[in-house]
Amino acid sequence: MTTELEIGLYIFILAGFLGYHVISRVPPLLHTPLMSATNAMSGISLVGSLVVAGADFGMLSTVLGFIAVACSSTNVVGGFLITDRMLRMFKRAEDSRGERGVRTRLRRRVVLLILVAGLLASIIWLEELRGFLRGIDPTSALGFFYIVSAVLFILGLKGLSSPKYARKGMFLAEFGMFMAVVGTLFHHDIVEYRWIIAGLIIGTIAGGSMGWWIPMTAVPQRTALSHSLGALAATLIGISEYVRHGAELVHDRVLMTAIGFEVVIGGLTFTGSLMAAAKLQGLLPGHPITYKGQTVFNLSLLAVIAGSLIYLVIVPTAGTLFYVMVGLSFVFGLLLVIPIGAAD
């Protein structure tokens, strides 16, 4: 087992325990904003989408990355906007309009003062700053951005433990997402920004429209739809990585395993979330759809998908089987949700 894999597993396990303890302290009053906020944070797949869309990995990968950027940014922007709309509904009785105005003006002045001070300092120490930036390793800087982003995400979720600090926590989480995106734009693999900019514009407009104008009564189906877009982005990135690495995966079965899980979980989540959104919106019958032998058929299909994944880990060059597995994952997501009622 490689050192990087061991470290990754340690981080994954610790993140699981930390997530459990943070989320378990969120009161039931904030469960709906929590659902929307975590959905927005799951759009961190935008980071991988940016790299694939901007790198020169081939036209297919670029197109898949562009679609993934648009889907992920829709998820992120819409998720944070709808979360903020919900949290603004929690107002304290003593929080009068005048007091809010004073606090807002004070914050603006403080931010302006900090920006002016930073600008003056940059001008005064411009040469020293240039020398400092030239000596920074881009990889180390990117790692720093991701670490800070992770900390801000944790603090953002921690803020949801109380309505008093919930919006402040979400501001931290939003800034964490901003840092992750900005840091990724300086990734050494990114050589072209046209597709990235186009995807971000489309996703921001779509996500902003969903976040601002969808009524609060439609939050569950909006969240399900947004979640499906994030899952689709992850699936497309997994397909792009499989196409890019190709025969190299024979020598890196750990990567093949990761790609396999990414496309399987992403695929079934995409179609499953779409079905859930359609049921909640009334586009599909809200009652459970069942048929004889449904459980046996679903389990058999899951076994085929799992067997295909195991075979691909052993023989990564079986490209046709890979795409069959992706297609079956889409089908399994549909079959998994149809027996669930809209109220559930």
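Residues numbered from 1 in each chain as written. Predicted model: local features only at pLDDT ≥ 70, side-chain atom pairs only at ≥ 80, totals over all residues. Heavy atoms only, no water.

## Focus on the pattern of salt bridges
In a structure, side chains of opposite charge can pair up when their charged atoms sit close to one another. Stated formally: In what follows, salt bridge is the name for a side-chain nitrogen of Lys or Arg lying within 4 Å of a carboxyl oxygen of Asp or Glu. With a 1.4 Å probe rolled over the protein chains alone, any residue whose accessible area is under 20% of its type maximum counts as buried; one over 50% counts as exposed, and the rest are partly exposed.
Scanning the model with the defined rule gives four salt bridges in all. Between R194 and E192 there is a salt bridge, with the nearest N and O atoms lying 3.2 Å from each other. Taking the relative accessible area as the measure of exposure, E192 reaches 30% and is therefore partly exposed.

## Considerations on the packing of aromatic side chains
Rules: Aromatic pairs are defined between Phe, Tyr and Trp rings, using the six-membered ring for Trp, whenever the two ring centres lie within 6.5 Å; interplanar angles under 30 degrees are classed as stacked, those over 60 as edge-to-face, and all others as tilted. Going along the chain from the N terminus, every DSSP run of H or I of four or more residues is numbered as a helix, and every run of E of two or more is numbered as a strand. Both a distance and an angle decide whether a charge sits over a ring: NZ of Lys or CZ of Arg must be within 6 Å of the ring centre and within 35 degrees of the ring normal.
One pass over the structure, following the stated rule, counts seven aromatic pairs. Between Y242 and Y323 the ring centres are 6.4 Å apart and the planes differ by 90°, which places this aromatic pair in the edge-to-face class. Taken together, the residues span a long stretch of sequence, with Y242 in helix α10 (residues 219-245) and Y323 in helix α13 (residues 319-337) at a distance of 81 residues. The exposure class of Y242 is buried, given its relative accessible area of 7%. Consider the rings of F322 and Y323, whose centres lie 5.3 Å apart with planes at 85°: the pair is edge-to-face. Three or more aromatic residues joined by ring pairs make a cluster, and in this case those are Y242, F322 and Y323. Geometry around F57 places R244 over its ring, the cationic atom sitting 3.8 Å from the centre.

## Points about the side chain of T223
Worth spelling out the cut-off: Contact definition: two residues touch when any of their heavy atoms are within 4.5 Å.
Mapped onto the secondary structure, T223 falls in helix α10. The contacts of T223, once residues within four sequence positions are left out, are M35, S36 and N39.

## Points about helix α9 (residues 194-213)
What counts is decided by this rule: Multiply 1.5 Å by the residue count of a helix minus one, and that product is the helix's expected span. Here the arc refers to the set of directions running from the helix axis out to each C-beta atom.
Its 20 residues give α9 an end-to-end C-alpha distance of 29 Å, which sits within 8% of 28 Å, the value for a rise of 1.5 Å per residue. Among all positions in α9, only I196, G199, G203, G207, G208, M210 and G211 are buried. The buried side chains of α9 occupy one side of the element, clustering within an arc of 160° when seen end-on. Opposite its buried face, α9 presents the exposed residues R194, I205 and W213, each directed more than 90 degrees away. Where the residues of α9 are buried, they touch α3 (46-54), α4 (59-87) and α10.

## Describing the nonpolar core
Operational definition: To qualify as a nonpolar core, a set must consist of buried Ala, Val, Leu, Ile, Met, Phe, Trp, Tyr and Cys residues joined through side-chain atoms within 4.5 Å.
By size, the foremost hydrophobic cluster in this structure holds 32 residues, and its most contacted members are Y242, V263, L312, F322 and M325. Contributions of two or more residues to this core are made by α4, α10, α11 (253-281), α12 (294-314) and α13. At eight residues, α10 tops the list of elements feeding residues into this core. In terms of nonpolar packing, the next biggest core, distinct from the first, is built from 17 residues, L30, L34, L157 and L160 among them.

## Structural notes on a nonpolar patch on the surface
Keep this limit in mind: The patch calculation keeps residues exceeding 30% relative accessible area without a salt bridge and links them within 9 Å when they carry like charges or within 5 Å when they are nonpolar (Val, Leu, Ile, Met, Phe, Trp, Tyr). All accessible areas in this document rest on Shrake-Rupley with a 1.4 Å probe, and a residue is counted as covered only by the protein chains that are shown.
Taken together, the side chains of I147, V151, L155 and L172 define a hydrophobic patch exposed on the protein surface, amounting to about 340 Å² of accessible area. Topologically, L155 is positioned in helix α7 (residues 138-159). By relative accessible area, which is 42% here, L155 ends up partly exposed.

## Quick word on α13
Taking 1.5 Å per residue, 19 residues should reach 27 Å; α13 reaches 28 Å between its end C-alpha atoms and fits that length. Taken together, the buried positions of α13 are G319, F322, M325, V326, S329, F332, G333, L335 and V337.

## As for the packing of α4 against α9
Basically, it comes down to this: Only the contacting stretch of a helix is used when fitting its axis, a line to C-alpha atoms as for every element, and angles between N-to-C directions run 0 to 180 degrees. Note on angle classes: values under 35 degrees are labelled roughly parallel, values over 145 roughly antiparallel, values of 65 to 115 roughly perpendicular, and the remainder oblique. For any helix crossing, the convention is left-handed if the near helix is rotated counterclockwise from the far helix by under a right angle, and right-handed if that rotation is clockwise. Residue classes follow a fixed rule: Ala, Val, Leu, Ile, Met, Phe, Trp, Tyr, Cys and Pro count as nonpolar, while Asp, Glu, Lys and Arg count as charged, and any other residue, Gly among them, counts as polar.
In the contact formed by α4 and α9, the axes pass within 7 Å of each other and the chain directions differ by 30°. For the element pair α4 / α9, the angle class is roughly parallel. Between α4 and α9 lies a crossing of right-handed hand. In terms of residue class, the contact of α4 with α9 is built from 16 nonpolar, 10 polar and one charged.

## Considerations on the environment of Y291
Residue position: Y291 is located in the loop between α11 and α12. Sequence separation between Y291 and P339 is 48 residues, and the spatial gap between their C-alpha atoms is 8.8 Å. With residues near it in sequence (within four places) discarded, Y291 still touches F297, N298, L335 and I338.

## Side note on the packing of α12 against α13
With their axes 10 Å apart at the nearest point, α12 and α13 run at an angle of 150° to one another. In terms of orientation, α12 and α13 fall into the roughly antiparallel class. In the crossing of α12 with α13, the sense of the turn from one axis to the other is left-handed. Side by side, α12 and α13 meet where F297, N298, L301, L302, V304, I305, S308, L309, Y311 and L312 of the first sit next to L321, F322, M325, L328, S329, V331, F332 and L335 of the second. Residues that form the contact of α12 with α13 fall into these classes: 15 nonpolar, three polar and no charged.

## As for the side chain of T271
The criterion, for reference: Distance and chemistry together define a polar contact, namely a pair of N or O atoms within 3.5 Å, with one atom able to donate a hydrogen and the other to accept it when in protein, and with adjacent residues in sequence counting only for side-chain atoms on both sides.
You can see T271 is positioned in helix α11. T271 gets classed as buried once you look at its relative accessible area, which sits at 9%. Of the polar contacts made by the side chain of T271, one reaches the backbone oxygen of F330; its length is 2.7 Å. Residues within four places of T271 in sequence aside, it is in contact with S329, F330, G333 and L334.

Note that all results are geometric; they support no functional claim without further evidence.
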